[in-house]
Amino acid sequence: MEIMRILAIETSCDDTGAAVVLDGRKILANVVSSQVSVHQKYGGVVPELASRKHIEMIVPIVTEALEKAGVTLKEVDGIAVTQGPGLVGSLLVGLSFAKSLALATGIPFIGVNHIEAHLSAIFLEEKPPKFPFIGLVVSGGHTSLFRVDGFGKFRRLGQTRDDAAGEAFDKVAKLLGLGYPGGPIIDQLSTTGDPKAIRFPRPSIRKNSFDFSFSGLKTAVVNYVKAHPERPEDFPEEVIRNIVSSFQEAVVDVLVKKTFQAAQHEGLKKVVISGGVAANRVLRQRMEKEASEQKIKVYIPSPAFCTDNAAMVGVVGYEYLKGGIRSPLSLNAFSNLPL
Ligand code: KG4
Ligand code: ZN
């Protein structure tokens, strides 16, 4: 069968990404330009600044990806781009660019759902799972559980009713004056904290519901901080480490419990974890431990494929384009694109 080279583009939030992927599996290039330095001083992503940075970076990043891959536009068989969900101004930059490129070159073009891309990042790894499996997407914008029966074949089992898990990490870090993004900072600080120091609530909606809720946990951290007379900036380092370790432990407990409950409920023996929070060291360890105890196999992409990247968009784009599915050049971006 003929080889397909997909040029993939991702601009759903604050990372400008471009990749060249061979047959939806092998990465020839995967370039990500992070905007952390732009948003850091605001303690979160500023949508307008994000769009402006994407428009600056999109051409250099796509050019760099093609150069690194050693592939010319003439050798590209398909263009895949994130269509949503995400920040609409950010999405529009990647989407408009991809559409213009498709129009100018005549290369087939496909819009990809960002959540489906996260769920498919595992196919970039050596030994990907076979369908069906339980998929947990846990990022800054999403915390959802799916039953996955194939590309394009999903059933959502549950989702967060308020904050996403990554959002909770970011908000707690901001509250404690630790910086942005909170996830990696808390992950690092917690290596020497005591996860049992403070018993934060494990927000668990009814048994047999696979919905999540993290805003109560965040409020519990706020209340804990408020109960202290000194400002968080003046807390001793050890106290900060214990707060973040205990918070992280609560998030991990809930994610692990619900994911394995979902596997049991669906009678599945395979679980895939993805999204930025899946880069978390403790979450990865606990998922592995629980999986070996329950004789379930857990698949977690390497950290660089957990956070936003274009290679995962290339995986999904390939599957659709291979099947002859294309998007029209009138395709629009949607901040709430459902899966
Ligand atoms: O998937 P992603 O890059 O973008 C979205 O689609 O949202 O996820 C970003 C989120 C942020 O909230 C960030 O704090 C969190 O993932 N994150 C982590 C870690 N690395 C990134 N959370 C916990 N531990 C980490 N190591
Ligand atoms: Zn994402």
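Residues numbered from 1 in each chain as written. Chains lettered and ligands numbered in written order. Predicted model: local features only at pLDDT ≥ 70, side-chain atom pairs only at ≥ 80, totals over all residues. Heavy atoms only, no water.

**With respect to the site of ligand 1**
Of all residues adjacent to ligand 1, which total 20 residues, the nearest are Gly140, Asp170, Gly183, Asp187 and Asn280. A distance of 3.0 Å separates an oxygen atom of ligand 1 from a polar backbone atom of glycine 183. Protein contact buries 89% of the 550 Å² of open area that ligand 1 shows by itself. Counting residues per element, the ones that place at least two in the shell around ligand 1 are helix 4 (114-120), helix 5 (165-175) and helix 6 (182-189). Counting residues domain by domain, the shell around ligand 1 receives three or more from each of domain 1 (5-120 + 306-322) and domain 2 (131-300). (Near = heavy atom within 4 Å. Polar contact = N/O pair within 3.5 Å; in protein donor to acceptor, adjacent residues only side chain to side chain. Areas by Shrake-Rupley, 256 points an atom, 1.4 Å probe, with all protein chains shown as cover. Helix = DSSP H or I, 4+ residues; strand = E, 2+ residues; numbered from the N terminus. Domains from an automatic or database assignment.)

**Let's talk about the packing of aromatic side chains**
Enumeration over the complete set of coordinates arrives at nine aromatic pairs. Taken together, a centroid distance of 5.5 Å and an interplanar angle of 40 degrees make the contact between phenylalanine 123 and phenylalanine 131 tilted. Classification of phenylalanine 123 as buried rests on a relative accessible area of 5%. The exposure class of phenylalanine 131 is partly exposed, given its relative accessible area of 29%. By the ring-pair criterion, three or more aromatic residues cluster together here, those being Phe123, Phe131, Phe133 and Phe151. Over the face of the ring belonging to tyrosine 299 we find lysine 297, whose NZ or CZ atom lies 5.1 Å from the ring centre. (Phe/Tyr/Trp six-rings, centres within 6.5 Å; stacked < 30°, edge-to-face > 60°. Buried < 20%, exposed > 50% of the residue type's maximum accessible area, 1.4 Å probe, protein only. Lys NZ or Arg CZ within 6 Å of the ring centre and 35° of its normal.)

**Structural notes on the domain arrangement of the protein chain**
Taken domain by domain, the protein chain comprises domain 1 (5-120 + 306-322) and domain 2 (131-300). Placing the centre of domain 1 and that of domain 2 at their C-alpha centroids yields a distance of 27 Å. In this assembly, 19 residues from domain 1 lie in contact with 21 residues from domain 2. At the boundary of domain 1 with domain 2, total buried surface from both sides reaches about 1500 Å², with 74% on carbon and sulfur atoms. Taken together, domain 1 and domain 2 are joined by zero salt bridges. (Contact = heavy atoms within 4.5 Å. Buried area = accessible area lost by both parts, 1.4 Å probe. Salt bridge = Lys/Arg side-chain N within 4 Å of Asp/Glu carboxyl O.)

**Looking at the pattern of salt bridges**
All chains considered together, the criterion is met by 20 salt bridges. Of the charged contacts, one joins glutamate 266 and arginine 155 as a salt bridge, the two residues approaching to 2.9 Å between their closest N and O atoms. Note that glutamate 266 is positioned in helix 8 (residues 237-266) and arginine 155 in strand 8 (residues 153-159), a separation of 111 residues in sequence. Note that glutamate 293 and lysine 289 form a salt bridge whose closest N and O atoms lie 3.4 Å from each other. Of this pair, glutamate 293 and lysine 289 both sit in helix 9 (residues 281-294), four residues apart, which is roughly one turn of that helix. What emerges from the salt-bridge pattern is a single network uniting Arg147, Asp149, Arg155 and Glu266.

**A word on the pairing of strand 5 (residues 109-113)**
Of all five residues making up strand 5, five are buried, and the element is well covered by its neighbours. Burial along strand 5 is two-sided: the residues Phe109, Gly111 and Asn113 and Ile110 and Val112 are all buried. Where strand 4 (residues 78-84) meets strand 5, five bridges bridge the pair, whose relative direction is parallel. Bridging across to strand 5, isoleucine 79 finds its partner in phenylalanine 109. The β-α-β motif built from strand 4, the intervening helix 3 (residues 88-105) and the parallel element strand 5 has right-handed crossover chirality. (Pairing = 2+ DSSP bridges. Right-handed = clockwise from strand over helix to strand, strands pointing away.)

**Quick look at the sheet that holds strand 5**
Pairing in this open sheet of five strands is mixed, and the strands run 3-2-1-4-5 from one edge to the other. One side of each edge strand has no neighbouring strand; the edge strands of this open sheet are strand 3 (26-34) and strand 5. Strand-to-strand twist of the sheet, defined as the mean angle between neighbouring strand axes without regard to direction, takes the value 20 degrees. In this sheet, strand 3 lies alongside strand 2 (residues 15-22) in antiparallel orientation, the contact comprising eight bridges. (Axes fitted to C-alpha atoms, helices over the stretch in contact; angles between N-to-C directions.)

**Notes on the pairing of strand 4**
A large share of strand 4 lies buried, amounting to seven of its seven residues. With four bridges joining them, strand 1 (residues 5-10) and strand 4 adopt parallel strand pairing. By the bridge assignment, leucine 7 is partnered in strand 4 with isoleucine 79.

**Some thoughts on helix 2 (residues 47-69)**
Along its 23 residues, helix 2 runs 31 Å from first to last C-alpha, staying within 8% of the 33 Å computed at 1.5 Å per residue. In the structure, helix 2 departs most strongly from a straight axis at methionine 57, where the bend amounts to approximately 45 degrees and where the proline proline 60 lies between one and four residues downstream. What helix 2 keeps buried is the set Ala50, Ser51, His54, Met57, Ile58, Ile61, Val62, Ala65, Leu66 and Ala69. Contact partners of the buried residues in helix 2: strand 1, strand 2, strand 3, helix 1 (36-39) and helix 3. (Expected span 1.5 Å × (residues − 1). Bend = angle between axes of the 7 residues up to and from the residue.)

**Looking at the coordination of the zinc ion (ligand 2)**
Within the protein, the zinc ion (ligand 2) binds to His114 (NE2), His118 (NE2) and Asp308 (OD); these donor distances fall in the range 2.0 to 2.1 Å. Coordination at the zinc ion (ligand 2) is irregular, judged from the four donor atoms that bind it and the angles of 95 to 137 degrees they form at the metal. The sequence pattern describing where the donors of the zinc ion (ligand 2) fall on their chain is H-x3-H-x189-D. Of this pair, histidine 118 sits in helix 4 while aspartate 308 sits in the loop between helix 10 (303-306) and helix 11 (311-322); the two residues are 190 residues apart in sequence, bridging distant segments of the chain. (Donors = N, O, S within 2.8 Å, 3.2 Å for Na, K, Ca; no water. Tetrahedral: all angles 85-135°; square planar, octahedral: opposite > 155°, others 65-115°.)

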